[in-house]
Each structure stands twice: as C-alpha cells, then as structure tokens.
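Letter by letter, the chains look like this.
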Amino acid sequence: MCGKKQTEVDAFALGDIGVTTKLVNTNSNDTLTAGDLTMQFKKIDYPKSFYQKAIVATGKGDEDKIAQGIAKLMEEDPTIKYANDAETKQMLLSGQGDIHLDVISSRLKSRFGVGIELVQPKVAYRETIRGTSDVQGKHKKQSGGHGQYGDVKIRFSPGEEEGLTFVVSVVGGTVPKNYNPAVEKGLLESMQKGVLAGYPMVNLKADLYDGSYHPVDSSEMAFKIAASLAYKEGIAKAHPVLLEPVAKVCVYAPNDMIGDIMSAFTKRRGRVLGMTPTQRKDEQMLEAEAPVAEMSDFSIQLRAITKGLGKFTMEFDHYEDVPADVAQKIIAESNLNAEE
C-alpha cells in the first residue's frame with residue numbers, strides 16, 4: 001500500500017506491511033500462517049472499557065441498524081463494548097474515553113448511515129426498608145352479582161435474602177391456604193416499584209399473620225389486590241431508603257500521582273481502601289470504592305491526572321444507602337420523569 005495506490009506482489013519480506021482482501025473468518029488479533037506453519041503471535045491484551053454512554057437513535061426505527069453497525073465495528077476494535085440494558089431500557093456503549101466514542105459515532109454515520117446521540121446512562125437504583133410496620137390491606141367491592149373481597153394483615157420488616165421472604169403465620173384459617181400464593185404474587189408484583197422513586201424493592205420480609213375472607217366474594221384476584229394495598233401502606237411506614245450501586249475500583253498509576261487520584265475519589269463520594277506496590281517500578285495499585293453514579297467520567301479525569309499513564313478496572317460490588325441530600329434529588333427527578 002502506498003496511499004491510494006495498490007501494488008500486487010507475490011511475497012512479503014520481513015517488516016513489510018501489506019493488505020489482503022476478501023477474508024471471511026478473520027478478526028483482530030488473529031495470526032495468518034502459510035502451509036503447515038502453526039506459529040502464532042502473542043495476542044494483544046486489549047484494555048477494558050469503562051467509559052459508558054447511552055445511545056439514542058436520531059432516526060426513527062434505526063435501533064437494529066445501530067446494533068448491526070456496532071457489531072461490525074466490534075470485530076475491528078475489541079475495546080468497544082455494547083449492551084442492551086433490560087432494566088433501564090437503554091442501549092449502552094462503552095469505550096476508552098469521550099474521543100473514542102465520538103469516533104465510533106462518526107463511523108456509524110459515515111459507514112452505516114445511522115446517526116446516534118450519546119447521553120448519560122441511567123443508574124439502576126434499588127429501594128429497601130430499614131424499619132418495620134404492621135398494616136391491613138382490605139379490598140372490598142360490590143357491583144351486582146359476585147363482589148370482590150380480600151383482607152390481609154401483614155408485618156413488613158427487612159429481609160436477609162435479596163428478594164421477598166414470604167412467611168405465613170396465619171392461625172385458625174382466617175385466610176384459606178389456597179389464597180396464600182395470590183398474596184405472595186401480589187407482593188412480588190408490587191416490589192417491581194418502590195414507594196420513593198419507583199425503583200425495584202429488595203431485601204423485604206412479609207409475614208401474613210391474619211385477615212378475613214368471604215365464602216362467595218373472595219377470589220385470588222381480590223387477595224392479590226389486598227396484598228398490593230398493604231404493600232403501599234406498609235412500605236411507606238417502614239422507613240424506606242434508596243440504595244445505589246457501589247463499584248470496586250483498582251487504579252494503577254505512578255507513585256507521585258496517587259495523591260491527586262485519592263482526592264478525585266473523595267470528591268466522588270468514594271472511599272480509598274488501600275494501596276499496594278505493583279511489579280512495575282514506581283507504580284502503585286490503589287483500591288477504592290465509589291458510587292457507580294459518580295464514576296461515569298473517571299477515565300477522562302484519570303487520563304488528565306496521569307498524562308495517560310494510569311489505568312483502572314471497575315466492577316459492581318454491592319448496594320448501599322444513598323445520602324439523604326443526594327436521595328432527595330434522585331427522588332425529585334424520578335417523580336418529575338414519571339409525571340412527564
């Protein structure tokens with residue numbers, strides 16, 4: 001290759017850079033050999049991408065084209081990551097930084113004819129309770145013919161398991177056993193939305209200890225509705241709190257830059273857990289925890305602090321309570337979006 005000029009040759013010498021066309025089953029990092037030669041070059045260890053943005057298609061119905069275009073680009077560039085988040089209903093694109101994502105965006109436009117807009121991704125918050133409550137949920141409706149009647153008394157408290165811990169301590173048959181699954185189903189469906197900002201509820205224990213039924217009007221649907229009514233009232237009384245995902249972060253950087261990186265974590269509501277010297281000279285591995293919501297542009301800041309010498313890894317670790325002032329902003333924004 002010499003600019004636009006292509007010269008066909010019968011052989012390459014050591015150090016030559018050439019082009020071969022119409023390859024079907026090859027990808028980046030593959031080694032091409034001739035005959036019986038099985039030699040393989042050491043594969044490139046590509047850095048992981050943690051700078052993430054959500055994709056919004058500028059053209060109506062372009063989502064499939066965007067996915068196909070990104071899949072093609074991922075074959076060429078293994079540092080690109082693409083995912084479809086079922087919870088936030090967003091297409092997520094990850095790269096090495098803002099410039100990298102801008103290049104991907106322009107390639108999608110020029111090569112595949114699809115335009116995208118990059119926006120801040122939503123954070124998958126959770127809700128739970130820190131207190132207890134004892135409430136009654138009663139659903140009674142009469143509208144000619146058979147009515148609807150379901151009555152449950154439930155104690156809500158924090159649960160040890162991630163989902164719902166459903167306990168039945170009814171005595172005396174005040175709620176027939178065949179309605180227990182309907183009560184549990186009503187609670188499970190209600191847990192998809194919390195009472196603060198509509199995020200999924202986790203770590204909840206519900207004890208069905210009493211209630212009443214009607215021999216004619218009671219039904220599974222009536223008890224399911226009664227359970228959802230008890231949930232709304234009970235969770236609101238049991239000190240509900242908002243939880244945010246917290247990531248474990250490992251930063252590799254030169255010794256003289258660690259102080260600035262620690263300050264960056266403090267400003268992002270993070271906690272430094274410790275430091276360990278690496279095998280490389282004058283380099284430290286700093287271990288920290290930080291809220292995922294605060295880490296969206298960390299790769300850009302780290303590049304600026306370390307002049308491109310630093311790198312980091314990040315993975316989800318656990319959920320923990322959101323500070324009250326931050327929680328108020330999240331709840332207000334969520335309620336505003338719900339109204340819209």
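Keep in mind that this is a model prediction, so the values were computed, not measured. Residue indices begin from 1 for each chain and proceed along its sequence in written order. Local features in a predicted model are, by the rule used here, given only for residues with pLDDT of at least 70; side-chain atom pairs are given and counted only at 80 or more, and totals for whole chains, interfaces and linings are based on all residues. With hydrogens and water set aside, each side-chain value is computed from the structure's full complement of heavy atoms.

1. A short note on the nonpolar core
By nonpolar core we mean a set of buried residues, namely Ala, Val, Leu, Ile, Met, Phe, Trp, Tyr and Cys, connected to one another through side-chain atoms within 4.5 Å. Residue burial is assigned from relative accessible area. The probe radius is 1.4 Å, only protein chains are included, and a residue is buried under 20% of its type maximum, exposed over 50%, and partly exposed in between. Grouped together as the largest cluster of nonpolar side chains are 25 residues, with contacts concentrated most on Ile 154, Phe 156, Val 183, Leu 187 and Leu 204. Strands here mean DSSP runs of E at least two residues long; helices mean DSSP runs of H or I at least four residues long; both are numbered from the N terminus. Looking at this core, the elements that each hand over two or more residues are β7 (148–158), β8 (164–168), α3 (180–190), β9 (204–212) and α4 (220–237). Broken down by element, this core gets its largest block of residues, six residues, from α4. In this view, Val 183 contacts Val 152, Ile 154, Phe 166, Leu 208, Phe 223 and Ala 227; residues no more than four positions away in its chain are not counted. Counting residues in each nonpolar core, the second largest holds 19 residues, with Ala 247, Met 257, Phe 298 and Phe 312 among its members. Contacts are assigned to residue pairs that have any heavy atoms within 4.5 Å of one another.

2. Side note on the sheet that holds β9
Strand pairing is assigned whenever DSSP detects at least two bridges linking the two strands. The strand order across the open sheet built from four strands is β6-β7-β9-β8, with neighbouring strands paired in mixed fashion. Strands with a single pairing partner mark the edges of an open sheet, and in this sheet they are β6 (133–141) and β8. Across the sheet, the mean angle separating the axes of adjacent strands is 25 degrees when strand polarity is ignored. Across nine bridges, β6 lies against β7 in antiparallel orientation. Note that in β7 the partner of Lys 138 across the bridge is Asp 151. Lines fitted to C-alpha atoms define the axes, with helix axes restricted to the stretch in contact, and inter-axis angles between N-to-C directions lie between 0 and 180 degrees. Its contacts with the sheet put α3 on β7, β8 and β9, and the angle it makes with β8 is roughly 155 degrees.

3. Focus: the side chain of Arg 126
Note that Arg 126 resides in strand β5 (residues 126–129). Owing to a relative accessible area of 14%, Arg 126 belongs among the buried residues under this scheme. There is a polar contact of 2.6 Å between the side chain of Arg 126 and the side chain of Glu 87. Look past the residues within four positions of Arg 126 in its chain and what remains in contact with it is Glu 87, Tyr 199, Pro 200, Val 202, Val 241, Leu 242, Leu 243 and Tyr 319. Contacts described as polar in this section are N or O atom pairs within 3.5 Å, which, within protein, must combine one atom able to donate a hydrogen with one able to accept it, while residues neighboring in sequence count only if both atoms come from side chains.

4. Things to note about the environment of Leu 118
By secondary structure assignment, the location of Leu 118 is in strand β4 (residues 116–119). When the C-alpha atoms of Leu 118 and Asp 102 are compared, they prove to be 8.8 Å apart, with 16 residues separating the residues in sequence. Those residues in contact with Leu 118, other than ones at most four positions away along the chain, are Lys 53, Ala 54, Ile 55, Leu 93, Leu 101 and Asp 102.

5. Describing the sheet that holds β4
Read from one edge to the other, the open sheet built from four strands follows the order β2-β3-β1-β4, with strand pairing classed as antiparallel. Each of the sheet's edge strands pairs with one partner strand only, and the pair in question is β2 (81–85) and β4. Neighbour-to-neighbour, the strand axes of the sheet open up by a mean angle of 35 degrees, direction not taken into account. Alignment of strand β1 (residues 51–57) against strand β3 (residues 90–95), held across five bridges, turns out to be antiparallel. Each bridged residue has a counterpart across the sheet, and for Ala 54 the counterpart in β3 is Leu 92. Sitting on the sheet, helix α1 (residues 63–76) touches β1, β2, β3 and β4, and the angle it makes with β1 is about 145 degrees.

6. Points about helix α7 (residues 324–339)
In this model, α7 (16 residues) spans 22 Å end to end at C-alpha, consistent with the 22 Å of a helix rising 1.5 Å per residue. Taken as a whole, α7 has its buried residues at Val 326, Ala 327, Ile 330, Ile 331 and Ser 334. Viewed end-on, α7 has its buried residues packed into an arc of 130 degrees, placing them on one side of the element. Structural note: α7 exposes Asp 325, Gln 328, Lys 329, Glu 333 and Glu 339 on the side pointing more than 90 degrees away from its buried face. At its buried positions, α7 is contacted by β10 (240–254). Each residue after the first adds 1.5 Å to the expected span of a helix. Here, the arc refers to the directions that run from the helix axis to the C-beta atoms.

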